[in-house]
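# Inside the fold
These are the residues of each chain, in order.
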Amino acid sequence: MSLTDLGTYVPTTNDLLAAYAPGSAFFASPRGALLAGPASAALPGPLEIAAPEALRRLDAAVAAGHERPIVVGALPFGSTSPPHLFLDVAPERATRPGHGAGGMPATAASPLSVTEWPGPAGYAEAVARALRRISLGELDKVVLARTLRVDYAEPVAVEALVRRLLGGNAHGYTYAVDLPEQRATRVLVGASPELLIAKSGTRVVSWPLAGSAPRSHDPALDRARAAALMTSDKDLREHEYVVRSVSQVLRKYCSTLNVPPRPALTATSNMWHLGSRITGELRTPEISSLELAAALHPTPAVCGWPVAPARDLIGELEPFDRGHYAGAVGWCDASGDGEWAVAIRCAEVSGCSVRLFAGAGIVAGSTPDGETEETALKFGTMLGALGIVPVAARP
Ligand SMILES: C=C(O[C@H]1C=CC=C(C(=O)O)[C@@H]1O)C(=O)O
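Residues numbered from 1 in each chain as written. Predicted model: local features only at pLDDT ≥ 70, side-chain atom pairs only at ≥ 80, totals over all residues. Heavy atoms only, no water.

What follows covers the sheet that holds strand 15 (residues 271–275). Sheet architecture is open: 3 strands sit in the order 12-15-14, paired in antiparallel fashion. Where the open sheet ends on each side, the last strands, each with one partner, are strand 12 (209–214) and strand 14 (264–267). The sheet shows a mean angle of 35° between the axes of neighbouring strands, taken without regard to direction. Where strand 14 meets strand 15, 4 bridges bridge the pair, whose relative direction is antiparallel. Within strand 15, the residue paired with Ala264 across the bridge is Gly275. Relative to the sheet, helix 6 (residues 233–253) contacts strand 12 and strand 15, its axis offset from that of strand 12 by approximately 155°. (Pairing = 2+ DSSP bridges. Helix = DSSP H or I, 4+ residues; strand = E, 2+ residues; numbered from the N terminus. Axes fitted to C-alpha atoms, helices over the stretch in contact; angles between N-to-C directions. Contact = heavy atoms within 4.5 Å.)

Here we come to the sheet that holds strand 16 (residues 278–282). A sheet is described by the order of its strands in space; here 8 strands give the open sequence 4-3-18-19-10-11-16-13, paired in antiparallel fashion. Each having just a single partner strand, strand 4 (84–88) and strand 13 (254–258) make up the two edges of the open sheet. Across the sheet, the axes of successive neighbouring strands diverge by a mean angle of 15°, strand direction being ignored. In this sheet, strand 16 lies alongside strand 13 in antiparallel orientation, the contact comprising 4 bridges.

A word on the pattern of salt bridges. Pairs can form between side chains of opposite charge whenever their charged atoms are close. Scanning all chains against the criterion turns up 18 salt bridges. Of the charged contacts in the structure, one is a salt bridge between Glu316 and Arg133, with a shortest N-O distance of 2.8 Å. Within this pair, whereas Glu316 is found in helix 8 (residues 307–317), its partner Arg133 is found in helix 3 (residues 120–135), the two being separated by 183 residues in sequence. For Arg133, a relative accessible area of 22% translates into the label partly exposed. Note that Lys199 and Asp337 form a salt bridge whose closest N and O atoms lie 3.0 Å from each other. Pair noted here: Lys199 is in strand 10 (residues 195–200) and Asp337 is in the loop between strand 18 (328–333) and strand 19 (338–342), with a separation of 138 residues, a long-range link. With a relative accessible area of 1%, Lys199 lands in the buried category. Residues participating in the shared-partner salt-bridge network are Lys234, Asp235, Glu238 and Glu371. (Salt bridge = Lys/Arg side-chain N within 4 Å of Asp/Glu carboxyl O. Buried < 20%, exposed > 50% of the residue type's maximum accessible area, 1.4 Å probe, protein only.)

Once that is clear, we can look at the pairing of strand 15. Of all 5 residues in strand 15, 5 are buried; the element is thus mostly enclosed. Judged by which residues are buried, strand 15 turns out to be covered on both faces: Met271, His273 and Gly275 on one side and Trp272 and Leu274 on the other are all buried. Where strand 12 meets strand 15, 4 bridges bridge the pair, whose relative direction is antiparallel. Bridging from a neighbouring strand, Leu209 pairs with Gly275 of strand 15. Between strand 14 and strand 15, which pair antiparallel one after the other, the connecting turn spans 3 residues.

Moving on to the site of the ligand. If you check the shell around the ligand, you find 18 residues, and the closest are Ser212, Ala301, Tyr325, Arg345 and Gly359. At a separation of 2.9 Å, an oxygen atom of the ligand approaches a polar backbone atom of Gly211. Notes on the ligand: free accessible area 390 Å², of which the protein chains cover 100%. Elements with a minimum of two residues in the shell around the ligand: strand 12, strand 21 (353–362) and helix 9 (368–386). Taken together, the residues of the shell around the ligand sort by class into 8 nonpolar, 5 polar and 5 charged. (Near = heavy atom within 4 Å. Polar contact = N/O pair within 3.5 Å; in protein donor to acceptor, adjacent residues only side chain to side chain. Areas by Shrake-Rupley, 256 points an atom, 1.4 Å probe, with all protein chains shown as cover. Nonpolar A, V, L, I, M, F, W, Y, C, P; charged D, E, K, R; others polar.)

This paragraph deals with the packing of helix 3 against helix 8. Between helix 3 and helix 8, whose axes approach to 11 Å, the crossing angle comes to 145°. Crossing handedness for the pair helix 3 and helix 8: right-handed. Residues Ala126, Arg129, Ala130 and Arg133 of helix 3 form the contact with helix 8, whose own contacting residues are Leu313, Glu316 and Leu317. Here the contact of helix 3 with helix 8 is built from residues that sort into 4 nonpolar, no polar and 3 charged. (Left-handed = near helix turned anticlockwise from the far one by under 90°.)

Mapped onto the elements, Glu240 comes out in helix 6. Take Glu240: its relative accessible area is 38%, and that puts it in the partly exposed class. In this structure the C-alpha to C-alpha distance between Glu240 and Ala130, which are 110 residues apart in sequence, comes to 19 Å.

Glancing now at the side chain of Glu194. Looking at the element boundaries, Glu194 is found in the loop between strand 9 (185–192) and strand 10. Of the side chains with opposite charge, Arg345 lies nearest to the buried Glu194, which makes no salt bridge, at 6.2 Å. Here Leu209 takes part through its backbone nitrogen, which lies 3.1 Å from a polar atom of the side chain of Glu194. What Glu194 contacts, discounting residues up to four positions off in sequence, is Tyr173, Trp207, Pro208, Leu209, Ala301, Ala341, Val342 and Ile344. (Lys, Arg positive; Asp, Glu negative; His and termini not counted.)

Moving on to the packing of helix 4 (residues 158–167) against helix 9. As a packed pair, helix 4 and helix 9 sit with axes 9 Å apart at the nearest point and diverge in direction by 120°. As far as their axial angle goes, helix 9 and helix 4 are oblique. In this structure, helix 4 crosses over helix 9, and the sense of that crossing is right-handed. On the side of helix 4, the interface is formed by Leu161, Arg164 and Leu165, while helix 9 contributes Thr381, Met382, Gly384, Ala385 and Leu386. A per-class count over the contact of helix 4 with helix 9 returns 5 nonpolar, 2 polar and 1 charged. (Parallel < 35°, antiparallel > 145°, perpendicular 65-115°, else oblique.)

It is worth stressing that arrangement in space is one thing and function is another; only the former is reported here.
Here it is, written out as structure tokens:
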């Protein structure tokens, strides 16, 4: 059945994906999925200009008679890349999940090359340098990332890749957002377990994650690793910086805020994380989810604590530009409601090449080898969807 075949027909997530075209933005959450675009043009300027412009255009679209316009897209990690946000006055929505398990591979071929940058030794050296700076008291936490580039002989099918990611991420946020450039198009594709902010009326939810352990196919070992994570002093501290920062920001806008006294476990297909579901009531519903996302970003789950020295250290130690990795992806409607996920467990797909990103939080007590292994595991989400490692590879 096609999306134009209306009547009582309600599309599923799979239907939306089938209609995915270059220039579109696809976003799926536990609440449903949406497909917007293809975009004619992104809103111009840095976030300080694009965000208020987005809200102005949403108001104008409502005034022009459109019922449910949204602004959708991706926010960058830092100021070196612009946000990519665009207006769609009539996005397709799916409230029935219809998540296809698996699906066709994103490419039939094996990769021509797989290149890590930095490689394990270079990344471990950067972690060791970060630990020295932490021991000197310059900062408490920094999140360091690395990349992995996979090259193929033929173009990678974004729709197929997203379909495979969705199959393993029913409780998380699966997305594909075009990041057009002058010469080529890159698509940010990912399956994030982390909610930066969701707003519905006066109610807000943020669900930051920090602190990780690998899962295991052996149920007893899997449970033991989860239990060890819940009592790991290093991981609890790593998590605490994020909860403190998110709560501080949300308290400015909320009349009540519920912060769990201790984190709970969040599971992905190959990792355990410490997560805190923070909920609040806004003092006024006028503040939009886009403004809240901009106020919260970057949280110490992707940057560090305090933010300014952590951001500087990332610039010093990471030999690449994060672009939209560790930024945010999501949508906002004319009443300000929306959802923004942290753009992790992702890759940029550009023709025949895919660049994966993975980072890990470094605090006193972290080890260079442990954090290197953690980033390798985090690459597993995308590598599984690409068919390079078995989906949810677990020892
Ligand atoms: C920065 C990433 O993960 C964050 C989210 C969950 C757990 C994390 C950690 O334990 O380091 C990171 O803060 C990433 O996947 O690239």
